[in-house]
Amino acid sequence: AVARYHNIYGPLGTWDGGREKAPAAICRKIAKLDVEGGAIDVWGDGLQTRSFLYIKDCIEATRRLMSSSFAGPVNIGSEEMVTINQLTQMVIAISGKTLTIKNIDGPVGVNGRCSDNRLIQDLLHWQPNYPLQTGLEHLYSWVLKEVTELSST
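Remember, it's a predicted structure, so these values are computed and weren't measured experimentally.

Asker: I'm lost on the overall build of the protein in this one. Help?
Answerer: Regarding its fold elements, the protein presents 5 helices and 8 strands. Taken from the N to the C terminus, the helices and strands of the protein come in the order β-β-α-β-β-β-α-β-β-α-β-α-α. Computed over its C-alpha atoms, the radius of gyration of the protein comes to 16 Å, within 12% of the 15 Å expected for a compact globule of 153 residues. Principal-axis analysis of the C-alpha atoms gives the protein an extent of 55 × 35 × 25 Å. Out of the 153 residues in the protein, the part that is buried amounts to 40%. Pairs at least 24 apart in sequence give 87% of the contacts found in the protein among residues at least 6 apart. Of note, the protein has its 15 positive side-chain charges centred 5 Å away from the centre of its 16 negative side-chain charges.

Asker: I'm lost on helix α2 (residues 55-67) in this one. Help?
Answerer: Along an α-helix, residues three or four positions apart point the same way, because every turn accommodates 3.6 residues. Given a rise of 1.5 Å per residue, 13 residues ought to cover 18 Å, and the 18 Å separating the end C-alpha atoms of α2 matches this to within 8%. What α2 keeps buried is the set D57, C58, A61 and L65. Seen along its axis, α2 keeps its buried residues to an arc of 100 degrees; they face one direction. Looking at α2, the residues exposed on the side facing more than 90 degrees away from the buried face are R63, M66 and S67. At its buried positions, α2 is contacted by β1 (2-5), β2 (8-9), β5 (53-54), β6 (73-76) and α4 (118-124).

Asker: How should I be thinking about the pattern of salt bridges in this particular structure?
Answerer: Opposite charge on two side chains allows them to pair when their charged atoms are near. This model, assessed by the stated rule, comprises 7 salt bridges. With a shortest N-O distance of 3.0 Å, E60 and R63 are connected by a salt bridge. With E60 and R63 both in helix α2, this residue pair falls 3 residues apart, about one helical turn. With a relative accessible area of 53%, R63 lands in the exposed category.

Asker: What is the right way to look at the packing of helix α3 (residues 84-95) against helix α5 (residues 132-151) in this model?
Answerer: Helix-helix packing is described using two parameters, namely the angle between the two axes and the distance between the axes. Between α3 and α5, whose axes approach to 10 Å, the crossing angle comes to 55 degrees. Taken together, the axes of α3 and α5 lie oblique to each other. Crossing geometry of α3 relative to α5 is assigned as right-handed. Residues L87, M90, V91, I94 and S95 of α3 touch α5, and the partners they reach there are L132, Q133, L136, E137 and Y140. Along the lines of polarity and charge, the residues of the contact of α3 with α5 split into 7 nonpolar, 2 polar and 1 charged.

Criteria and thresholds
- Residues numbered from 1 in each chain as written.
- Predicted model: local features only at pLDDT ≥ 70, side-chain atom pairs only at ≥ 80, totals over all residues.
- Heavy atoms only, no water.
- Helix = DSSP H or I, 4+ residues; strand = E, 2+ residues; numbered from the N terminus.
- Rg over C-alpha atoms; globule rule 2.2 N^0.38 Å.
- Buried < 20%, exposed > 50% of the residue type's maximum accessible area, 1.4 Å probe, protein only.
- Contact = heavy atoms within 4.5 Å.
- Lys, Arg positive; Asp, Glu negative; His and termini not counted.
- Charge placed at Lys NZ, Arg CZ, Asp CG, Glu CD.
- Expected span 1.5 Å × (residues − 1).
- Arc of directions from axis to C-beta.
- Salt bridge = Lys/Arg side-chain N within 4 Å of Asp/Glu carboxyl O.
- Axes fitted to C-alpha atoms, helices over the stretch in contact; angles between N-to-C directions.
- Parallel < 35°, antiparallel > 145°, perpendicular 65-115°, else oblique.
- Left-handed = near helix turned anticlockwise from the far one by under 90°.
- Nonpolar A, V, L, I, M, F, W, Y, C, P; charged D, E, K, R; others polar.

Now the structure itself:
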């Protein structure tokens, strides 16, 4: 079997240093902003779309795939697509801060990408259980703790 993972995120992942996924980077930027009314920099116009899959859903899908007899490639991702600006607004709301988005020049990747999960739904009866909002709440809480611990050392 070949698992094709789509934008996996969650606590205990990379959240700093330039190799992190967009949800972790946005959580870090917002966690570090302690000024109310400040702005968070988002690369590009923020209209590029992505879907993100919470790590616990990824693990469950992978377990099901490895326990099955399926012998081909399958997508493991979420079909809940958002713009990067929407993702940022969600994290701002979770943080409870009053911030604005400042779209700046920077790498943006493709305009849109979303996982097509029809095959894994049909074969393994799997679909994500964690909505993006719930996953982001867990991720932001963890990143905030990491940022706070790092700044206190």
